[in-house]
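Results of the structural survey
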Amino acid sequence: DNGIVYIPTGSASYDFYGGNRKGENLFANSLLALDVLTGERKWHFQFVHHDLWDRDLPAPPNLVEVNKDGKKIMAVAQITKSGHVFVFDRFTGEHIFPVEEFPFPKSDLEGEEAWPTQPLPTKIPPFARQKFTKELINDMFPNSMALLAWSPLDKHKKSNETVEEVWKRLNTEGQFQPPSDKIETVTFPGLDGGGEWGGAGYDPKTGWLYVNSNEMPWISKANKVEKYEGENVKKFGKSIYLQQCARCHGAGLDGMGTIPGLKNIEMKYSTLELSSVITKGKGSMMPLPHLNISQINAISAYLLNDDNIEIDKSSFNDLDPNALPYSISFYGRFMDENGYPAVKPPWGTLNAIDLNKGELLWQVPLGEYDELTKKGFAKTGTENYGGPIVTAGGIIFIGATNDEYFRAFNKESGEEIWRYKLPAGGYATPITYQLNGKQYIVIACGGGKMGTKSGDSYVAFALE
């Protein structure tokens, strides 16, 4: 009605090192309010300055109305991956609730200039825990060994240290700790949380916002990549690999969770085939068109362990003038040897926030592990992907959890009142519609995340 489109933006590349992109990096990590007819920018707000933590805005905002001090305000609410809700006047971008810039540490990486402050709401509390303190170490299974993995399937990455021993050597100081090459750093509530792609649900009757959240610690460390100035093609290829590929496939070629390792890849690909994959991408791997033929051949020589691949050696020093001096190695999710998060539950939650008062009304675990419930543990919640909807009948519907259930909650209390086992994980936001006076709920069951099986079905329910 107002002719404004609200667009949340992603983070600047490369996600975890910004020495080649000084400054705040507008308009990354921002909400843009544009005139829908002309494209004119009416206002903007940047949630993370000079992002070093992959804190892209995960979902579209919600159009809401806020009753504050007896006045009805047309507003827009944006959730973030750090577990915060920001609320703005739709027309001016003014904050409905206070937001302040807080100081955060400098970076110790060469060339990196972390922005000295970051904005955080001071009224609406975060819907995810912000700091992995010692008191939050998971003690469900005392003295468990640590597991550093992208998913519970990666049992081969079991550590020889306990969870607490690993925790003691980490930087666990909370949000916006810059990556370091001197100490491993915890990102918490994680690269995939608090808020995620499903976004939030809004009830116009009450002014309440409903959002699901992840709370999973991830561990990373920066590695210095020395610029190679010799004439060995394979070594030069390794240098480029560490800059371009190691984030996903691992510095040691071991892979990450569902991302395949690249050891012995010469048994699968020829030079021509591998060059095609690097250039064009394959499956979920994006193409790398910014690499020239010499760089691609050098990577191929390294991965295929092929001494016969040649490039123009005189171009070694100027092949990649913008090469980054660091690669960021992710050890993945920080879990215990049983495949559960190293932090105490809840690991996934559903939250109700009163946007009229700026208060968190209730928080309940979302999802559970049957094997833990049977052992007498309280419901823990699970990682979750896909958002909620709220109906006029007072029910919240959500899938999202890795236990593959579709659930209904009472919107006022957060009580779980119904659940149904789906054929595969419902990692999407459901929809509701009405036909011939009957209401239906539909969810897509694609599965495939968090080590769960994939699916290809839509499941529909009728409300009786």
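Above this text sits the structure in question.
A brief report on the enclosed structure follows. (Residues numbered from 1 in each chain as written. Predicted model: local features only at pLDDT ≥ 70, side-chain atom pairs only at ≥ 80, totals over all residues. Heavy atoms only, no water.)

1. Some thoughts on the sheet that holds strand 19 (residues 389–390)
Reading across from one edge, 19-20-21-22 is the order of the 4 strands in this open sheet, with antiparallel pairing throughout. With one partner strand each, in any of the chains shown, strand 19 and strand 22 (416–421) form the two edges of the open sheet. The pairing of strand 19 with strand 20 (residues 395–398) spans 2 bridges and is classified as antiparallel. In the strand pairing of strand 20, Val 390 is matched with Ile 396. (Pairing = 2+ DSSP bridges. Helix = DSSP H or I, 4+ residues; strand = E, 2+ residues; numbered from the N terminus.)

2. A few points about a nonpolar patch on the surface
A surface patch of nonpolar side chains, about 370 Å² in accessible area, is lined by Val 5, Ile 7, Val 36 and Leu 37. Mapped onto the elements of the fold, Ile 7 is located in strand 1 (residues 4–8). The partly exposed category is assigned to Ile 7, whose relative accessible area is 32%. (Patch = residues over 30% accessible without salt bridge, like charges linked within 9 Å, V, L, I, M, F, W, Y side chains within 5 Å. Areas by Shrake-Rupley, 256 points an atom, 1.4 Å probe, with all protein chains shown as cover. Salt bridge = Lys/Arg side-chain N within 4 Å of Asp/Glu carboxyl O. Buried < 20%, exposed > 50% of the residue type's maximum accessible area, 1.4 Å probe, protein only.)

3. Describing the nonpolar core
Judged by nonpolar contacts, the single largest core of 26 residues is most densely connected at Tyr 241, Ile 265, Leu 274, Ile 278, Ile 299 and Leu 303. For this core, the secondary structure elements donating two or more residues are helix 2 (233–244), helix 4 (271–280) and helix 5 (293–304). In terms of residue count, helix 5 provides more of this core than any other element does, 7 residues in total. Once residues within four sequence positions are removed from consideration, Leu 303 is found in contact with Tyr 241, Leu 253, Leu 262, Ile 265, Glu 266 and Leu 274. Ala 146, Val 163, Val 343 and Trp 347 belong to the second largest nonpolar core, which has 20 residues in total. (Core = buried A, V, L, I, M, F, W, Y, C linked by side-chain atoms within 4.5 Å. Contact = heavy atoms within 4.5 Å.)

4. Concerning the pairing of strand 24 (residues 438–447)
Pairing of strand 23 (residues 431–435) with strand 24, which is carried by 5 bridges, proceeds in the antiparallel orientation. Pairing of Gln 434 across the sheet is with Gln 439, part of strand 24. As consecutive antiparallel partners, strand 23 and strand 24 are separated by 2 residues, and within that stretch Asn 436 has a phi angle of approximately 55 degrees, a positive value. With 7 bridges joining them, strand 24 and strand 25 (residues 454–462) adopt antiparallel strand pairing. Across the sheet, residue Ile 441 finds its bridge partner in strand 25, namely Phe 461. If you look at the hairpin formed by strand 24 and strand 25, you'll find 6 residues sitting between the two strands, and Gly 448 has a positive phi there, around 90 degrees.

5. Some thoughts on the pairing of strand 8 (residues 117–121)
Counting buried positions along strand 8 yields 4 of 5 residues, so the element is predominantly enclosed. Across 5 bridges, the pairing between strand 7 (residues 99–103) and strand 8 is antiparallel. Paired with Phe 102 across the strands is Gln 118, a residue of strand 8.

6. Re empty space enclosed by the protein
Applying the stated criterion to the full structure yields 6 cavities of 30 Å³ or more. The computed volume of the largest cavity comes to approximately 90 Å³. A class-by-class count of the residues in the lining of the largest cavity yields 7 nonpolar, 3 polar and 3 charged. For the second largest cavity, the lining is made up of 11 residues, of which Met 216, Met 335, Tyr 369, Glu 383 and Asn 402 are closest to its centre. Among the residues forming the lining of the second largest cavity, the class breakdown is 7 nonpolar, 3 polar and 1 charged. (1 Å grid on protein atoms, 1.4 Å probe; cavity = no way out; pocket = protein on both sides within 12 Å on 5 of 7 lines; lining within 4 Å. Points joined across faces, edges and corners; volume = space filled by probe spheres on them. Nonpolar A, V, L, I, M, F, W, Y, C, P; charged D, E, K, R; others polar.)

7. A few points about the pattern of salt bridges
Taken as a whole, this structure holds 24 salt bridges when the rule is applied. For Arg 169, the salt bridge identified is with Glu 184, shortest N-O distance 2.1 Å. A residue pair is termed long-range when its members are at least 10 positions apart, and Arg 169 in the loop between helix 1 (163–168) and strand 11 (170–171) and Glu 184 in strand 12 (residues 184–187) qualify at 15 residues. You can call Glu 184 buried: its relative accessible area is 13%. Where Asp 181 meets Lys 182, a salt bridge forms, and the shortest distance between an N and an O atom there is 3.5 Å. A single network of salt bridges, built from pairs that share partners, joins Lys 379, Asp 403, Arg 407 and Glu 416.

8. Let's talk about helix 4
Within the sequence span of helix 4, burial applies to Leu 274, Ser 275, Val 277 and Ile 278. Angular distribution of buried residues about the axis of helix 4 spans 160 degrees; they occupy a single face of the element. Of the residues in helix 4, the exposed ones pointing more than 90 degrees away from the buried face are Leu 272 and Lys 280. In this structure, the buried side of helix 4 is in contact with helix 5. Within two residues after helix 4, Gly 281 carries a phi angle of roughly 80 degrees, on the positive side. (Arc of directions from axis to C-beta.)

9. Description of the packing of aromatic side chains
What describes a pair of aromatic rings is the distance from one ring centre to the other and the angle between the planes of the rings. Under the defined criterion, the tally for this structure stands at 30 aromatic pairs. Summarising the aromatic geometry, the rings of Tyr 17 and Tyr 326 are spaced 5.5 Å apart at their centres and angled 45 degrees between planes, so their arrangement reads as tilted. Taken together, the positions of Tyr 17 in the loop between strand 1 and strand 2 (30–35) and Tyr 326 in strand 16 (residues 326–336) put the pair 309 residues apart, joining distant regions of the chain. Overall, Tyr 17 belongs to the buried group, its relative accessible area being 3%. Look at Trp 418 and Phe 461: their rings are 5.4 Å apart centre to centre, the planes differ by 85 degrees, and that puts the pair in the edge-to-face class. Residue Trp 418 is found in strand 22, and its partner Phe 461 is found in strand 25; the two are separated by 43 residues along the sequence. Using a relative accessible area of 33% as the deciding quantity, one classes Trp 418 as partly exposed. (Phe/Tyr/Trp six-rings, centres within 6.5 Å; stacked < 30°, edge-to-face > 60°.)

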